[in-house]
Amino acid sequence: MSAAGSLASPLLQPLQQGIQALGLDLAEAQQALLLDFLALLQKWNKVYNLTAVRDPQEMLTHHLLDSLAAVAPLQRHLAAEAGQGTTAPRLLDVGSGGGLPGVVFAICCPELDVSCVDTVAKKAAFIQQTAATLRLSNLHGLHARVETLTQPFDVVSCRAFASLPDFTTWSDAALKQGGTWLAMKGKHPADEIAALPAGVSVVQVEPLAVPGLDAERCIVWMRRRADRPAPA
């Protein structure tokens, strides 16, 4: 779909209303890319079964706006960490599936280098196809188990991927020293937080409000404890 075609979509107005409600400043081109991504997700979902949600309006709310709710918190985090390194910050989205929230992060934060990892080859291929179609040079699809990744990422994210103990344990080798975990969750996961490994500390549980979605959402921000180095 062309940018002009995207901006004629019946989903444009609810998308723009959601963007405004979230306090995001997204250019028209970024809005068009988000709708193009949604169109790709709908198209490839018929073949690849990327998501159980089929209705376009529901996909907008439950997937796109849900992921967009984490963008402003991520942007604040990146701004706070700016100057820590000379290269573009790198984010690994674990169990990314159809690219949620990884593709949304790549569109909204062009300064961020985003890799989406999934154990299912067709899902990683969809991310690569999305990167090529939308010309997102900062987006990469990886077909791998996250436990096998050892290159350092500044932020390791997930959305409805696994319990916090499993997420942090499996992705530990991929998180650089001083890096941050960003886990998108529904209700405050008190039991999962209590079960975290001794070397992981919770920095903040940040509540999220998703426009049009009457459900609890939050981000659990975590780091390694200062006295525990990154895995060798």
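What counts, and at which threshold
- Residues numbered from 1 in each chain as written.
- Predicted model: local features only at pLDDT ≥ 70, side-chain atom pairs only at ≥ 80, totals over all residues.
- Heavy atoms only, no water.
- Helix = DSSP H or I, 4+ residues; strand = E, 2+ residues; numbered from the N terminus.
- Buried < 20%, exposed > 50% of the residue type's maximum accessible area, 1.4 Å probe, protein only.
- Contact = heavy atoms within 4.5 Å.
- Phe/Tyr/Trp six-rings, centres within 6.5 Å; stacked < 30°, edge-to-face > 60°.
- Lys NZ or Arg CZ within 6 Å of the ring centre and 35° of its normal.

(A) Quick look at the side chain of Thr-130. Mapped onto the secondary structure, Thr-130 falls in helix α7 (residues 121-133). Residue classification places Thr-130 among the buried residues on the basis of a relative accessible area of 0%. Contact partners of Thr-130, with chain neighbours within four places excluded, come to Phe-37, Leu-40, Val-103, Arg-135 and Leu-139.

(B) Geometry of the packing of aromatic side chains. Tallied over the entire structure, the rule returns 3 aromatic pairs. Between Phe-161 and Trp-170, the aromatic rings sit 5.9 Å apart at their centres with planes inclined by 75°, giving edge-to-face as the arrangement. Among the aromatic residues, ring-to-ring pairing joins Phe-161, Phe-167 and Trp-170 into one connected group. The positively charged end of Arg-90 is found above the aromatic ring belonging to Phe-153, 4.2 Å away from the centroid.

(C) Highlighting the environment of Leu-142. By the secondary structure assignment, Leu-142 is in strand β3 (residues 139-143). According to the relative accessible area criterion, Leu-142 is partly exposed, its value standing at 23%. For the pair Leu-142 and Val-205, spaced 63 residues apart in sequence, the C-alpha separation works out to 28 Å. Residues contacting Leu-142, with those up to four places away along its chain left out, are Leu-92, Ser-115, Cys-116, Val-117, Asp-118, Ala-124 and Leu-149.

(D) Here's a closer look at unusual backbone geometry. In this model, Leu-100 is joined to Pro-101 through a cis peptide bond whose omega is 10°. Locating Pro-101 in the fold gives a position in the loop between β1 (90-94) and α6 (102-108). At Arg-135, a residue that is not glycine, the phi angle is positive and equals roughly 55°. Looking at the secondary structure, you find Arg-135 in the loop between α7 and β3. Of note, Ala-160 is a non-glycine position whose phi angle comes to about 50°, a positive value. Within the secondary structure layout, Ala-160 lies in the loop between β4 (153-159) and α8 (164-170). Using a relative accessible area of 71% as the deciding quantity, one classes Ala-160 as exposed.

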